[in-house]
Amino acid sequence: MARAARDDLAERIAGEVALSDEPGATLRKWRTDFGVAQTELADQLDVSPSVVSDYESGRRDNPGINVVRRLVGALLDIDEDRGGDHIRQHARVLSAGFDSDVVHDLREYAANVGVERVYDAIDAEEVHRGSQDTVAGHTVINSIAAITRLSSDEFFQLYGQSTNRVLVFTNVTRGESPLVALRVVSPTPNAVVLHGLDGDAVWEHAEDLARIDDFSLAVTDVELDDLLDGLHSLP
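Bear in mind the structure is a predicted one, so any value in this text is a computation, not a measurement.

### A few points about the packing of helix α3 (residues 38-45) against helix α4 (residues 49-57)
Consideration 1: Viewed as axis vectors pointing N to C, α3 and α4 meet at an angle of 115°, and their least axial separation amounts to 8 Å. If you check the angle between α3 and α4, you find them roughly perpendicular. Taken as a pair, α3 and α4 cross one another with a handedness that is right-handed. Between α3 and α4, the residues in contact are Q38, T39, L41, A42 and L45 and P49, V52, S53 and E56, respectively.
Consideration 2: Classifying every residue of the contact of α3 with α4 by side-chain character gives 5 nonpolar, 3 polar and 1 charged.

Right under this line is the structure:
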């Protein structure tokens, strides 16, 4: 199963790079998604960091399939050496049939983490505190893509059988649509974060729905990359 998950992910990454109008930028996206520095990837490939930088910036010609295969293989080797967390996370998303433009990130934590610690990591402002004050993982969802493309069953799959997690909705203007969509999901997650707005812009009924369905609710307007980095700083 682990080998199949790795092979599936390798095929996905290589395919995205090959079909991209900016293959270097796509390579950089996957490297940063995996939290791998250019120097670390270069060491794994036994090349200078400038080689990786040149491919990612487009200063070198578009990488051929052999180069892409080496880059992808090195990236996955590094993740496996670290325990394979990213391979497992992406495997879970892929196995559920979700595209990366729907699910930005999905991760399980090593232990329960207090919601306050999550808020601190992503500079979030709490709107309502539910009865459960810990989470054991997160799912970061493009709210527009999820609402327009997923059924209620698929929506539930986004956080699996465990409700002990935080759902982060990106691409939010007021929060009305994702919070209404959550009403069809039972049970609800322990915490929800609306990304892209501050407390003054949140939908006027948001706190009421959070209270009724008993989940913690917060908002944050940090950049998406900073949000993902903050979440990945959690254990």
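Structure's up, so let's keep going.
### Looking at the pairing of strand β5 (residues 191-195)
Consideration 1: Burial within β5 is extensive, with 5 of its 5 residues counted as buried.
Consideration 2: Neither face of β5 is open: one carries A191, V193 and H195, the other V192 and L194, and all of them are buried.
Consideration 3: Where strand β4 (residues 166-170) meets β5, 4 bridges bridge the pair, whose relative direction is parallel. Among the inter-strand pairings, F169 is bridged to a residue of β5, identified as L194.
Consideration 4: As a crossover connection, the stretch from β5 through helix α11 (residues 206-213) into strand β6 (residues 216-220) is right-handed.

### A word on the environment of I78
Consideration 1: The topology assignment puts I78 in helix α5 (residues 65-81).
Consideration 2: Setting aside its immediate chain neighbours within four residues, I78 contacts V36, E40, L41 and Q44.

### Thoughts on the pattern of salt bridges
Consideration 1: Tallied over the full model, the rule gives 10 salt bridges.
Consideration 2: Across the pair R129 and E126 runs a salt bridge whose closest N-O atoms are separated by 2.6 Å.
Consideration 3: Note on E126: relative accessible area 31%, which makes it partly exposed.
Consideration 4: Salt bridges sharing common partners tie together R6, D77 and E80.

### Description of a negative patch on the surface
Consideration 1: Where like charges cluster on the molecular surface, the negative patch consists of D120, D123, E125, D198, D200, D221, E223, D225, D226 and D229.
Consideration 2: Ranked by residue count, the leading element in the negative patch is helix α12 (residues 224-232), at 3 residues.
Consideration 3: Inspection of the secondary structure assignment puts D221 in the loop between β6 and α12.

### What to know about helix α2 (residues 23-33)
Consideration 1: Among the residues of α2, P23, G24, T26, L27, W30 and R31 are the ones counted as buried. Projected down its long axis, α2 carries its buried residues within an arc of 160°, all on one side.
Consideration 2: A positive phi of about 65° marks G35, the residue just after α2.

### Examining the pairing of strand β3 (residues 134-142)
Consideration 1: Counting buried residues in β3 gives 8 out of 9 residues, a clear majority hidden from the surface.
Consideration 2: Relative to β4, β3 is paired through 5 bridges, and the arrangement is parallel. Counterpart to H138 in the pairing with β4 is V166.

### Topic: unusual backbone geometry
Consideration 1: The backbone of N171 sits at a positive phi, close to 60°, despite the residue not being glycine.
Consideration 2: Inspection of the secondary structure assignment puts N171 in the loop between β4 and α10 (176-182).
Consideration 3: With a relative accessible area of 46%, N171 lands in the partly exposed category.
Consideration 4: Positive phi values are uncommon outside glycine, yet D214 reaches one of about 60°.
Consideration 5: The residue D214 is located in the loop between α11 and β6 in this model.
Consideration 6: On the basis of relative accessible area, D214 is assigned to the partly exposed category, the value being 35%.

### Brief notes about helix α7 (residues 115-122)
Consideration 1: Buried within α7 we find V115, V118, Y119 and I122. Projected onto a plane normal to the axis of α7, the buried residues spread over an arc of 100° and lie on a single side.
Consideration 2: Note on α7: the residue one or two positions beyond its end, D123, has a positive phi of about 55°.

What counts, and at which threshold
- Residues numbered from 1 in each chain as written.
- Predicted model: local features only at pLDDT ≥ 70, side-chain atom pairs only at ≥ 80, totals over all residues.
- Heavy atoms only, no water.
- Axes fitted to C-alpha atoms, helices over the stretch in contact; angles between N-to-C directions.
- Helix = DSSP H or I, 4+ residues; strand = E, 2+ residues; numbered from the N terminus.
- Parallel < 35°, antiparallel > 145°, perpendicular 65-115°, else oblique.
- Left-handed = near helix turned anticlockwise from the far one by under 90°.
- Contact = heavy atoms within 4.5 Å.
- Nonpolar A, V, L, I, M, F, W, Y, C, P; charged D, E, K, R; others polar.
- Buried < 20%, exposed > 50% of the residue type's maximum accessible area, 1.4 Å probe, protein only.
- Pairing = 2+ DSSP bridges.
- Right-handed = clockwise from strand over helix to strand, strands pointing away.
- Salt bridge = Lys/Arg side-chain N within 4 Å of Asp/Glu carboxyl O.
- Patch = residues over 30% accessible without salt bridge, like charges linked within 9 Å, V, L, I, M, F, W, Y side chains within 5 Å.
- Areas by Shrake-Rupley, 256 points an atom, 1.4 Å probe, with all protein chains shown as cover.
- Lys, Arg positive; Asp, Glu negative; His and termini not counted.
- Charge placed at Lys NZ, Arg CZ, Asp CG, Glu CD.
- Arc of directions from axis to C-beta.

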